[in-house]
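A closer look at the structure
Spelled out, the chains give:
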Amino acid sequence: MESYSCGPDYPILEITLGQALDRTAERFPHQDAVVARRQGIRLTYSQLREGAVKVARGLWGLGLRPGDRIGAWASNCVEWLLLQHATARIGTVLINVNPAYRSHELAFVLRKSHMKALFLHEADARSNYLEILNQARAGLECPLEHVVLLGTDSWHGMLEKGVDPPSLSLSANDAVNIQYTSGTTGSPKGVLLTHRNLVNNGWVMGWTLKLGERDRICVPVPLYHCFGCVLGSICATVYGAALVLPSPQFEPLATLEAVEAERCTVIYGVPTMFIAELDHPEFRRFDLSSLRTGIMAGAPCPIEVMKRVVNVMGCREMTIGYGQTESSPVITGSLTDDSLELRVSTVGRALPNTEVKIAGPGLGETVEVGEQGELCTRGYLVMKGYDEEPEATARAIDSEGWLHTGDLATMRPDGYFRITGRAKEMIIRGGENIYPREIEEFLYTHPKIADVYVVGLPDARLGEAVLAAVRLKAGETATEDSIRDFCKGRIAHFKIPQYISFVDSFPMTVTGKIQKYRIREREIQARGLEAAAAIKTA
Ligand code: AMP
């Protein structure tokens, strides 16, 4: 039996995101759409639609037109959601920018995306974003015409000067969103997604969770990422469920408070978030009895952590989802009424309208059930492509339409999948993807570094942590801190190596190829990380 499986067939929704919101606002006008707890803002679906229309008028008034790219560089807030809905209504493309990006990364995205407008908060407790933007723009050629500071006069002024857009004929197949995901080339690639990709993936996620308009989804995951903006925002919009944002950035305590105060029925998170919530000293104080289901995803999910979410957090119908930005994102998931064993130890099976196969190395033939290979998927969920990267797109999506995920997996005879490793060189630290090549290329700009290799080391809390093995130029000396200081403010905090080893040479094959797995093994042993390396995941 071959490792091929196809989820149940359902009609594909051929609607735009604007139509999805309109439908829900008509069906459930008074139902909560968004609760942004830190901002003290609550919007019903009719208010969310009104807000989206107002922001869309504002964007039109600025002169933004269908096809233009508009960036949102902000942590979780109501304005992010308004921009998501507003940009979709006028045929523009929302560019999600990771709020952790610093000058080096922001400059890259500004240039690459050709964005005409960027929305940001001037500053927050974490950073001064306007300063970072100015650093990134210095000497950079990019078509950025409008910088709008959220919550200030520039935002309100834009809303006041709004102009009604003409009636536009938008198609479900239009690109509506670009989400950056670090590429193996060392620079992030923009994943182009259509209304059809996103609305249907949101629908599929809700189908899996048996979601309805009475559900309230607690979303501590970031909105710039597909977990927040598709499985959170768009899924809620399709079903008329409420989206509860506990805090701008993840805080375990704020998340627990939000679940209790808002009687959330659904909770999302990457494994690191659930670990932080369960281990919080005040965890016992909260009444989390409203929780019914949720999704853990984004990184290998430890079986023991899943069991604690079910048994200790009391989230009886908890599930694991698996996917990636390029697949809108969700590919497989378990069902809320699957056995506990299936829900904690597998990533589920192929979801509606989704084909999945496990391909062998070489010619990519489908392997036998139980054998490991690369997980590939096909269907409505496959991205339009990488923005302006035809070669990378052709490498990711083959001539038969299969998206190659770069993840290694096995399929069981009952059609359930397990993720067993990665064919791609990627580190996932606390749910954030990191491509070693990107950090290596950045560290090569350090004047004292001759050679550097970056690998992930196991970490019980974060899943993985970044190690840089550095060979300095002859006669140079440096400290770990001086290398980290070099990174600060220029690359995102999560990419800054937690571990740095100074070495004289690297393990190599006879043909001179670096053996990263041996660097990893050596460091696990030297740093006593064997227990973290042995954690079992689904
Ligand atoms: P992203 O594009 O940021 O959503 O990251 C997608 C990658 O995260 C996948 O290609 C996997 O390597 C990993 N991933 C996502 N969900 C899971 C999961 N449930 N188990 C293991 N790895 C996962």
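Everything below is about the structure printed above this text.
Summarised in this report is the structure supplied together with it. Nothing here was measured: the structure is a model prediction, and the numbers come from that model. (Residues numbered from 1 in each chain as written. Predicted model: local features only at pLDDT ≥ 70, side-chain atom pairs only at ≥ 80, totals over all residues. Heavy atoms only, no water.)

Quick notes on a negative patch on the surface
A cluster of acidic residues, Glu2, Glu365, Glu368 and Glu371, forms a negative patch on the protein surface. One can find Glu2 in the segment before β1 (4-6). (Patch = residues over 30% accessible without salt bridge, like charges linked within 9 Å, V, L, I, M, F, W, Y side chains within 5 Å. Areas by Shrake-Rupley, 256 points an atom, 1.4 Å probe, with all protein chains shown as cover. Salt bridge = Lys/Arg side-chain N within 4 Å of Asp/Glu carboxyl O. Lys, Arg positive; Asp, Glu negative; His and termini not counted. Charge placed at Lys NZ, Arg CZ, Asp CG, Glu CD. Helix = DSSP H or I, 4+ residues; strand = E, 2+ residues; numbered from the N terminus.)

So, the sheet that holds strand β3 (residues 41-44)
Read from one edge to the other, the open sheet built from nine strands follows the order β3-β2-β11-β10-β12-β13-β14-β15-β16, with strand pairing classed as mixed. Bordering the open sheet on either side are β3 and β16 (349-350), each of which pairs with just one other strand. Note that strand β2 (residues 32-36) and β3 share four bridges and pair antiparallel. Note that in β3 the partner of Asp32 across the bridge is Thr44. Sheet strands touched by helix α11 (residues 303-311): β13 (293-296) and β14 (317-323). Its angle to β14, the strand with the most contacts, is close to 145°. (Pairing = 2+ DSSP bridges. Contact = heavy atoms within 4.5 Å. Axes fitted to C-alpha atoms, helices over the stretch in contact; angles between N-to-C directions.)

Some thoughts on helix α10 (residues 271-278)
With seven of eight residues buried, α10 is to be regarded as a mostly interior element. Considered for burial, the residues of α10 that qualify are Pro271, Thr272, Met273, Phe274, Ile275, Glu277 and Leu278. Residues of α10 that are buried make contact with α9 (252-262), β12 (266-269), β13, α11 and β14. (Buried < 20%, exposed > 50% of the residue type's maximum accessible area, 1.4 Å probe, protein only.)

Observations regarding the site of the ligand
What surrounds the ligand is a group of 20 residues, the closest being His225, Thr325, Asp407, Lys424 and Asn433. One of the backbone N or O atoms of Gly321 is found 2.9 Å from a nitrogen atom in the ligand. Here an oxygen atom of the ligand sits 2.6 Å away from a polar atom, N or O, in the side chain of Thr325. The protein chains hide 96% of the 500 Å² of surface that the ligand would expose on its own. Of all the secondary-structure elements, those providing two or more residues to the shell around the ligand are β14 and β21 (417-422). Per-element accounting of the shell around the ligand gives the leading share, four residues, to β14. Each residue belonging to the shell around the ligand can be placed in one class, and the counts come to 10 nonpolar, seven polar and three charged. (Near = heavy atom within 4 Å. Polar contact = N/O pair within 3.5 Å; in protein donor to acceptor, adjacent residues only side chain to side chain. Nonpolar A, V, L, I, M, F, W, Y, C, P; charged D, E, K, R; others polar.)

Some thoughts on the environment of Tyr239
Within the element layout of this structure, Tyr239 appears in helix α8 (residues 226-239). Once the C-alpha coordinates of Tyr239 and Ala20 are considered, the two residues, 219 residues apart in sequence, prove to be 9.1 Å apart. Among all residues touching Tyr239, those that are not within four sequence positions of it are Phe28, Gly202, Trp203, Gly206, Trp207, Leu211, Gly212 and Glu213. A polar contact is formed between the side chain of Tyr239 and the backbone oxygen of Trp203, at a distance of 2.5 Å.

Notes on the pairing of strand β7 (residues 146-149)
Bridge count between strand β6 (residues 117-120) and β7: four bridges; the pairing is parallel. If you follow Leu118 over to β7, its bridge partner there is Val147. Viewed along the sheet, the connection from β6 through helix α5 (residues 129-137) into β7 turns out right-handed. (Right-handed = clockwise from strand over helix to strand, strands pointing away.)

Quick notes on the packing of helix α3 (residues 78-89) against α8
Between α3 and α8, the least distance of the axes is 12 Å, while the angle of their chain directions is 70°. In terms of orientation, α3 lies roughly perpendicular with respect to α8. As α3 runs across α8, the sense of the crossing is right-handed. For the pair α3 and α8, contact is made by Trp80, Leu81, Gln84 and His85 and by Cys229, Ser233, Ile234 and Thr237, respectively. Each residue belonging to the contact of α3 with α8 can be placed in one class, and the counts come to four nonpolar, four polar and no charged. (Parallel < 35°, antiparallel > 145°, perpendicular 65-115°, else oblique. Left-handed = near helix turned anticlockwise from the far one by under 90°.)

Points about the layout of surface pockets
Reported here for the second largest pocket is a volume of approximately 210 Å³. In this structure, the second largest pocket is lined by Ile41, Leu43, Gln47, Gly51, Lys54, Val55, Val78, Glu79, Leu82, Trp155 and Leu159. Elements represented by at least two residues in the lining of the second largest pocket include exactly β3, α2 (45-61), α3 and α6 (153-160). In terms of residue count, α2 provides more of the lining of the second largest pocket than any other element does, four residues in total. Taken together, the residues that form the lining of the second largest pocket break down as seven nonpolar, two polar and two charged. (1 Å grid on protein atoms, 1.4 Å probe; cavity = no way out; pocket = protein on both sides within 12 Å on 5 of 7 lines; lining within 4 Å. Points joined across faces, edges and corners; volume = space filled by probe spheres on them.)

Describing the pattern of salt bridges
Evaluated as defined, the whole model comprises 35 salt bridges. Ionic pairing is found between Asp22 and Arg49, a salt bridge with its closest N-O pair at 3.7 Å. With Asp22 in helix α1 (residues 17-27) and Arg49 in helix α2, the pair connects residues that are 27 residues apart, well separated along the chain. Judged by relative accessible area, Arg49 falls into the partly exposed class, the value being 24%. Connected through salt bridges with shared partners, the residues Asp32, Arg37, Arg42, Arg216 and Glu262 form a single ionic network.

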